[in-house]
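Here is what each chain is made of, one letter per residue.
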Amino acid sequence: MNEAMEAGWRRYFANSVISGDRGEIDAATRAALAAVGRGVSETRAKEAGKAEAKRYRESLQHASAPGGGPVFAGNASPMPADSRMPGRASFAASTEDWPALFAPRLLAAPVRWGWQGAETADPPPPVPAPLQLGPKPAWIEPPHPDVGPLHARRSQATRNLVVRLTLAVVAFLAFGVYQATVASKVAHLGGREATKVYGYLLPAAGILMGFWVLQALGAMRRASASIRAFQQPYLALRAAEKQRHQQALQQWDTAVRQHQAEQNAARQALARHRSGPLWYPVHPVSEPTRVDVFGGDPHRFGWACLLVTLGTSLLVRGHRLTVLDLTGQEVGGELVRIAAAKGMRTRRTVLDEGSDVDLLAGLSQHDVAESLAYALTERADSGATSGGEQREERALATEVFGQVLACLDQPLTFARLAAALRVLRRGGDVETLAPHEVGRLVDGIGEVDQNEWTGRRLRYWASRLDVLHRLAPAGGQAGPLWSRDDVSLLATPGGRDDRTELIDRLLLQLARQAMRVPGLLGSHLVVAGADRLGASTVAALSEQARAAGIRLVLFLDQPQGDIEKTVGTGGAVCIMKMYNHRDATIAAEFIGKGHKFVVNQVTSQFGRTFTDGGGDSFSANTTAGSNSTRKRMRNERGLSDSRGHAWTGSRNWSAADNIGTSTGRARVYEFITEPQSILGMAPTDFILVDNSGEDRRVLMANCYPGICVMDRVSSVPAGAGRRA
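Please read these numbers as outputs of a predicted model, since none were measured by experiment. (Residues numbered from 1 in each chain as written. Predicted model: local features only at pLDDT ≥ 70, side-chain atom pairs only at ≥ 80, totals over all residues. Heavy atoms only, no water.)

## Description of the side chain of Thr-327
For clarity, the cut-off: Helix numbers and strand numbers start at the N terminus; a helix is a DSSP run of H or I with at least 4 residues, a strand a run of E with at least 2. Only protein chains enter the accessibility calculation, which uses a 1.4 Å probe; a residue whose area is less than 20% of its type maximum is buried, one above 50% is exposed, and one in between is partly exposed. Throughout this description, a polar contact denotes any pair of N or O atoms lying within 3.5 Å of each other; where both atoms belong to protein, one of them has to be capable of donating a hydrogen while the other can accept it, and for residues adjacent in sequence the pair is counted only when both atoms sit in side chains. Any two residues having at least one pair of non-hydrogen atoms within 4.5 Å are treated as being in contact.
Residue placement: Thr-327 occurs in the loop between strand E4 (321-325) and helix H8 (333-341). Overall, Thr-327 belongs to the buried group, its relative accessible area being 16%. Of the polar contacts made by the side chain of Thr-327, one reaches the side chain of Asp-325; its length is 2.6 Å. Here Gln-329 takes part through its backbone nitrogen, which lies 3.2 Å from a polar atom of the side chain of Thr-327. With sequence-adjacent residues up to four places away left out, Thr-327 is seen in contact with Trp-303, Gly-494, Gly-495, Ala-528 and Gly-529.

## Thoughts on the pairing of strand E3 (residues 290-294)
Residues in a regular strand point their side chains to alternate faces of the sheet. As a reminder, the rule being used: Strand pairing is assigned whenever DSSP detects at least two bridges linking the two strands.
Counting buried residues in E3 gives 5 out of 5 residues, a clear majority hidden from the surface. Where burial is concerned, the two faces of E3 agree: the one with Arg-290, Asp-292 and Phe-294 and the one with Val-291 and Val-293 are both buried. Sheet topology note: the E3/strand E10 (residues 551-556) ladder contains 5 bridges and is parallel. Residue pairing across strands places Phe-294 opposite Leu-556, the latter belonging to E10. Note: E3 against strand E11 (residues 571-575), 5 bridges, orientation parallel. Following the sheet pairing, Val-291 is matched in E11 by Ala-572.

## Things to note about the pairing of strand E14 (residues 685-690)
Within E14, 6 of the 6 residues are buried, which leaves it mostly tucked inside the rest of the structure. The alternating pattern of E14 places Asp-685, Ile-687 and Val-689 and Phe-686, Leu-688 and Asp-690 on opposite faces, both of which are buried. Note: E14 against strand E15 (residues 697-702), 6 bridges, orientation antiparallel. When the sheet's bridge partners are listed, Ile-687 is paired in E15 with Met-700. Taken together, E14 and the strand that follows it, E15, pair antiparallel across an intervening segment of 6 residues.

## With respect to helix H17 (residues 581-591)
When H17 is considered as a whole, its buried residues turn out to be Asp-583, Ala-584, Ile-586, Ala-587, Ala-588 and Ile-591. The N-cap of H17, judged by a side-chain oxygen 2.8 Å from the amide nitrogen of Arg-582 a few residues on, is Asn-580. Gly-592 lies just past H17 and shows a positive phi near 110°.

## Overview of the packing of aromatic side chains
Filter applied, for reference: By convention, a stacked pair of Phe, Tyr or Trp rings (six-membered ring in the case of Trp) has centres within 6.5 Å and planes under 30 degrees apart, an edge-to-face pair has planes over 60 apart, and any other such pair is tilted. Whether a charge sits over a ring comes down to the Lys NZ or Arg CZ being within 6 Å of the ring centre and within 35 degrees of the ring normal.
Taken as a whole and judged by the stated rule, the model has 2 aromatic pairs. Here Trp-303 and Phe-555 contribute two aromatic rings whose centre-to-centre distance is 5.4 Å and whose plane-to-plane angle is 55°, an arrangement assigned as tilted. With Trp-303 in helix H7 (residues 301-316) and Phe-555 in strand E10, the pair connects residues that are 252 residues apart, well separated along the chain. Given a relative accessible area of 1%, Phe-555 falls into the buried group. An angle of 35° between the planes, with centres 6.0 Å apart, marks the rings of Phe-401 and Trp-461 as tilted. Taken together, the residues span a long stretch of sequence, with Phe-401 in helix H10 (residues 384-407) and Trp-461 in helix H13 (residues 452-471) at a distance of 60 residues. According to the relative accessible area criterion, Phe-401 is buried, its value standing at 0%. The ring centre of Tyr-374 lies 5.6 Å from the NZ or CZ of Arg-512, which sits over that ring. Above the plane of the ring of Tyr-579 lies Lys-577, whose end atom (NZ or CZ) is 5.1 Å from the centre.

## Examining the nonpolar core
Here is a general trend for soluble globular proteins: nonpolar side chains tend to be buried in one another's company. Quick reminder of the rule: Nine residue types can take part in a nonpolar core, namely buried Ala, Val, Leu, Ile, Met, Phe, Trp, Tyr and Cys, and a core is a set of them joined through side-chain atoms within 4.5 Å.
Formed by 82 residues in total, the largest nonpolar core has its most connected members in Leu-359, Leu-421, Trp-482, Leu-525, Val-527, Ile-575 and Ile-678. When near neighbours in sequence (up to four residues on either side) are disregarded, Val-527 contacts Leu-324, Leu-326, Leu-508, Leu-541, Leu-552, Val-553, Leu-554 and Phe-555.

## Some thoughts on the pattern of salt bridges
Test applied: Salt bridge, as applied in this entry: a Lys or Arg side-chain nitrogen positioned within 4 Å of an Asp or Glu carboxyl oxygen.
Evaluated as defined, the whole model comprises 24 salt bridges. Among the salt bridges present, the one from Arg-244 reaches Glu-241, with a minimum N-O distance of 2.9 Å. Remark: Glu-241 and Arg-244 occur in helix H6 (residues 148-275); sequence separation between them is 3 residues, near one turn of the helix. Here Asp-466 makes a salt bridge to Arg-422, at a shortest N to O gap of 2.4 Å. Of the two residues, Asp-466 sits in helix H13 while Arg-422 sits in helix H11 (residues 414-424), which places them 44 residues apart along the sequence. Under the relative-accessibility criterion, Asp-466 is labelled partly exposed at 21%.

None of the figures reported here should be taken as evidence of function without further support.
As structure tokens, this is what we get:
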């Protein structure tokens, strides 16, 4: 019900919010749901949602204002409160107190670049599938064979036995009663001979009577034996079926108990998972030599969040950071504020009109000439056809500036350098130069070619130096550009004009020169927005940092062109939200492809068979015959009688259920992360591709700093406890 209500409010604000910004829609949806939870009407809930959407827009406008920078206000964050942010804290830190709130948590162990949600880092244990056993096995008596005729025969034999036994008993009793009378009559009528014959006949009659009774008893016993023999197959079958039923019942009980045990274990594991951490820290296995971050939202909110989490993790380990922010949106301002709230030494310098810094402080004449030559001649779009001309121009600039610097005294300022170039062009204002400096320059005019191309170059360089003079007019009277503070931020105005590009190029060249001084820039150099200056500039900065042993962190907007060839060479890459399909495809290709099996066919079969049959048969035959033979002295007569009975009975039955399921899988080679998923990421989501260890890891994480103050945030990475 809650999910349906949330989906309904989300659809309503998706149709109502003109900007279509997902963060604004989510903020309005959360406010409306909270209002409904308080029991207000639907109209009031809509008003609350629209008011929250307005506050969200105002917070973004404040974040994108010049000098404002991204702001991590609890309710002003564009981070949606969806499944990627379970358990999000309900704090509402203002822009004034959030550094003090976050600093104790962020500037403490453990090391983390972001947090991995429990859904991806530690998925819930699987719930056992429902048990497909069917009903409990029940005992059904097998069909009993038809033994009616056999029972009828045994009943007849029993009756015959009773009758014969009764007659024998009656005869015996009668003989006992009338024995004396019969004996006297025999003696009276037959005399001694009759009495003698009577004595022989009496035992013979008793013996015949006994045989007569025993014959009936044998017939009954034979009938009973026939019944037992006829029932023997049935009893054996019944015993086998009874044993099979007991086994099936035992297996059924065992399966039920095992499934109940699995369900109990799964419920316990799920309860432990639900009460366990919601977020796990994420960082590379080992410290990479270079970190590439490309992608990100237009407001640079994601860059600012990632710089906060990454930078605080480095500060915790005692590293010093120098941040060059070339975006004009003050990406590193929030990191400076958090470090300052913790009491660390920080410095924030914005290189704009009238900056109170000396850009050339601490540089030798050769370093100044080389830096100015590179800054004034480097072009982002220089191809192979213009490479020779660019190198020729750079060589001329290095030579000219070396000659000019040899003629000038301290302090060196951009205005004095521009005036010296105009002297070489045989003209210009020389009031900023001393007479002896002008004399030296005039003496060296002959060493500079006085053709049209050289004149145009000198005029162009002088105009560019005037721009730099307006940027840092103080010269040697101002402070140095670099400091040894814990966090040093140098920000440029940003933009895409020639003035900003000149400032950015000079700043990068000065950074390259500063790398040659051990410890001047700290252990890590962060450059945000350097990709627009060209792949060659980024490659030269990376090589210089590698040679100096400085860890380089590059925030790049688009990984296209020659920059794509150098991405990932340092061991760690963070991929953030993309807005261009080509950028997302490049990112997906960098993450890589993998083999996996997908189900392409599922076939289910079900069948049931039952057969039942039986038969009974009875046969009997009786034969009788007589034969007589007359011989000389005697007459022989024989009688034969034979009887035969046969009974056969059969019964068979069977029942079976056939269930078959076949699944076909195909091996495919696809993107591990689809481009569509990268396009749909939240501003603070990032994919960490860690190749700093033995194995390549791909992790989905979130760098929103507010996670540090949430409940149930683990202090160890996912799986660390199980590995231990």
